[in-house]
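Coordinates in review
The chain contents come next:
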Amino acid sequence: MKHTSWILTLAVGLSLLIPVRGAFGWGERAQQTISMMATQVLKEQYKEVFRPGDSNFEKDVMRGAISGSKVLAEFLPLNSDAETMQAVSAEIQLLHDVQQYGTTSYFAFRMGVLSALVADIIVPYGFSWREDDVSIQARVNADIDKRLGDYAFRPSNNRRTLIRDTAEYFRTHRSFHESDKQLILDDYLRGPGYNGFLKKGGPAYFERAVGAVADAWHTVLSPESGKIVGTASKRQLTWYFVKEVEYLLNVKNNYHQAIKAYEHLTTINSDITAAFESAGDLFYNFGKARGNLEAVDRGVREWQKAYDMGGPERSRLSTKLSDHYLTEGQFLLVRAASDEAEDNDLPNALDAFEEALQYNRTSQQAADLIEKTHIAIADRRERLQLAVQLIANAESVRESADSARVQGDYNSALTKYQQAITVYEAVDDEFKDQAAAAENGARESTRGITNVIDDVFDKASEAIEQGDRLQETNKYEEAISSYERVDSIVNVIPADAKASHLQQKDETLRLAANKIDEAKNAKIRYDAAQAQQQQQKK
């Protein structure tokens, strides 16, 4: 039943493969299928290897299978059968060691790469060492991919083999490799092509490939392998973690996981300057592309670390660092002259240009920008001093206005409050603290004007009330005099006052005028009554 289930999984699984993008070794669909089947073979023994916890890394395995052995070519020679087999040993050794750092998506990806490498060694024309073999390889791959749905894997037993000697293992599992290549070549040259030897050989190679991949993975995963595979070098581990950072940033778009992978790099005490430079490149470019300033800063720190380590890379690193600080400084210098300027833009720009010159002493551009920034800082300092002086002057005038109000000199108080507002408004918004102080001062001065006008209306009301009391005691001349004082009281209110104040002023003046008329009429009546009384007494 288990064997049948693997055959069914192959048929259904073909629809789940990652889209292919060209051929090398086995076709890409075949490589993914071989990895998929090897996963099925080992799923009972290693249930969580590609599905740890809530994670699922099976797509990463498929992605590694698609990428193939070219992933390893940067670090391992792959120019002969012997070198490819040595590469299998090295990759098994490395992957066995890195398990101590946890099963990750990149570990799954590299297991897929190992799968592709092993599968390509198994099949004739998996690698093409001669130019004449390339066209045959492409035709073989295309023909196998077309018929992949008919292939199956029927293991003879469930026991997997630990690969102790890679060369011996592959000699056993591809004993007729060269003769099979010749038979396939003859078929494709004379006509039958796939329908010759490969029609039966293809499924057989597929089964061998799945089994060999399962054995290679088993050797990686088995605790017993520590006795036979050896230990990965510091250099292998260093570049593994650098490539993991690359994978997590550029493929998985996962900055925080990339940081964790980088932390593993720091634990192995690597002294490979180029590795830290590469890590810096990865973080820096990721941050620039996505507007992630934290990633950019980390990239710069990695460049600085690599620079401090020394070596032939130092000259290149000095250029990268200098260029970065020049770019950063120029951005700050431009922003300092815009509406989005921040208080520290110019000092920070100067720091950046000085850093740029520190890393590249011959940079005339950095030297020129330092001079330009010093001038800009001096100009800004002058403008700041002017703003501070304007605020001080305005504060002095406002204090004088407050004093005039207390003394009842309302005309002088209103004039001075308005003068203070004019000075406050001369302070622009370049300096946030000063702009806020000026805005607050202008607001307090406006409130002062309102308070003075309220005092004026209160005084006018007092004059009217005093007139009313005088009328009640028949002191009409004095009452009229009190009412007439209202005009001089409220006329200190300027013509540009608020509309509500001007309306209240007009109403107060009309009320006072009416009171005057009433008092005059009342006086006439009172005088007439007094005259009549005097006449009656005679």
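Starting afresh in each chain, residues are numbered from 1 along the sequence in its written order. For this predicted model, a pLDDT threshold of at least 70 governs which residues receive local features, and a threshold of 80 or more governs which side-chain atom pairs are given and counted, while totals over whole chains, interfaces and linings are taken from all residues. To get the side-chain values, all heavy atoms of the structure are used, and hydrogens and water are removed first.

**Focus: the pattern of salt bridges**
Our working definition: Every case where a carboxyl oxygen of Asp or Glu lies within 4 Å of a side-chain nitrogen of Lys or Arg is listed as a salt bridge. Only DSSP runs of H or I covering at least 4 residues are called helices, and only runs of E covering at least 2 are called strands; the numbering of each starts at the N terminus. Throughout, exposure labels follow a simple rule: accessible area from a 1.4 Å probe, protein chains only, divided by the maximum for the residue type, with under 20% read as buried, over 50% as exposed, and the rest as partly exposed.
By the definition in use, this model includes 27 salt bridges. The residue R171 makes a salt bridge to E168 at a minimum N-O spacing of 2.9 Å. One end of the pair is R171 and the other is E168, both in helix α7 (residues 166-173) and 3 residues apart, which spans about a single turn. For E168, a relative accessible area of 38% translates into the label partly exposed. Its salt-bridge partner being K523, residue E477 comes within 3.5 Å of it at the nearest N-O pair. Taken together, the positions of E477 in helix α19 (residues 476-490) and K523 in helix α20 (residues 499-537) put the pair 46 residues apart, joining distant regions of the chain. A single network of salt bridges, built from pairs that share partners, joins E277, D281, R316 and K320.

**Regarding the nonpolar core**
Going by this rule: Side-chain atoms within 4.5 Å are what join buried Ala, Val, Leu, Ile, Met, Phe, Trp, Tyr and Cys residues into a set we call a nonpolar core. In what follows, a contact means two residues having at least one pair of non-hydrogen atoms within 4.5 Å.
Counting residues in hydrophobic clusters, the biggest one holds 115 residues, and the most contacted among them are W26, F107, L114, F206 and W217. Those residues in contact with F107, other than ones at most four positions away along the chain, are V49, L95, V98, Q99, V220, L221 and Y240.

**Notes on the packing of helix α2 (residues 28-42) against helix α9 (residues 197-221)**
Worth spelling out the cut-off: Here an axis means a line fitted to C-alpha atoms, over the contact stretch when the element is a helix, while the angle between two N-to-C directions is reported on a 0 to 180 degree scale. For classification, angles of less than 35 degrees are called roughly parallel, those exceeding 145 degrees roughly antiparallel, those between 65 and 115 degrees roughly perpendicular, and all remaining angles oblique. Helix crossings are classified by the rotation of the near helix relative to the far one: an anticlockwise turn of less than a right angle makes the crossing left-handed, while a clockwise turn makes it right-handed. Note on residue categories: nonpolar means Ala, Val, Leu, Ile, Met, Phe, Trp, Tyr, Cys or Pro, charged means Asp, Glu, Lys or Arg, and polar means any other residue, Gly included.
The N-to-C vectors of α2 and α9 enclose an angle of 55°; their axes lie 9 Å apart at closest approach. Compared by their axis directions, α2 and α9 come out oblique. Crossing hand, α2 versus α9: right-handed. Counted together, T33, I34, S35, M37, A38, T39, V41 and L42 of α2 and F206, A209, V210, V213, A214, W217 and H218 of α9 form the full contact between these two elements. For the contact of α2 with α9, a count of residues per class yields 11 nonpolar, 4 polar and no charged.

**Some thoughts on the confidence of the model for the protein chain**
The condition is simple: Every residue is assigned a pLDDT by the predictor, reflecting its confidence on a scale from 0 to 100.
Model confidence for the protein chain is summarised by a mean pLDDT of 91, while 95% of its residues fall at 70 or above. Low confidence marks residues 1-16, where pLDDT is under 50. Its contacts with residues over four positions away, or in another chain, come to 26 contacts. Contacts for the low-pLDDT stretch residues 19-24, under 50 throughout, to residues beyond four places or in other chains number 13 contacts.

**As for helix α14 (residues 314-336)**
Note the threshold: Here a helix's expected span is defined as the number of its residues, less one, multiplied by 1.5 Å.
With 23 residues, α14 ought to run about 33 Å at 1.5 Å a step, and its terminal C-alpha atoms sit 32 Å apart, in line with that. Restricting attention to buried positions, one finds in α14 the residues L317, S318, L321, S322, H324, Y325, L326, G329, L332, L333 and R335. Elements that come into contact with the buried residues of α14 comprise α12 (273-290), α13 (293-309), α15 (345-359) and α16 (364-406).

**What to know about the side chain of D187**
Going by this rule: Pairs of N or O atoms are called polar contacts if they sit within 3.5 Å, as long as, within protein, a hydrogen donor faces a hydrogen acceptor (for residues adjacent in sequence, only side-chain-to-side-chain pairs).
Here D187 is to be found in helix α8 (residues 177-190). One polar contact links D187 to R190, side chain to side chain, over a distance of 2.9 Å. Among all residues touching D187, those that are not within four sequence positions of it are P192, G193, G196, F197 and L198.

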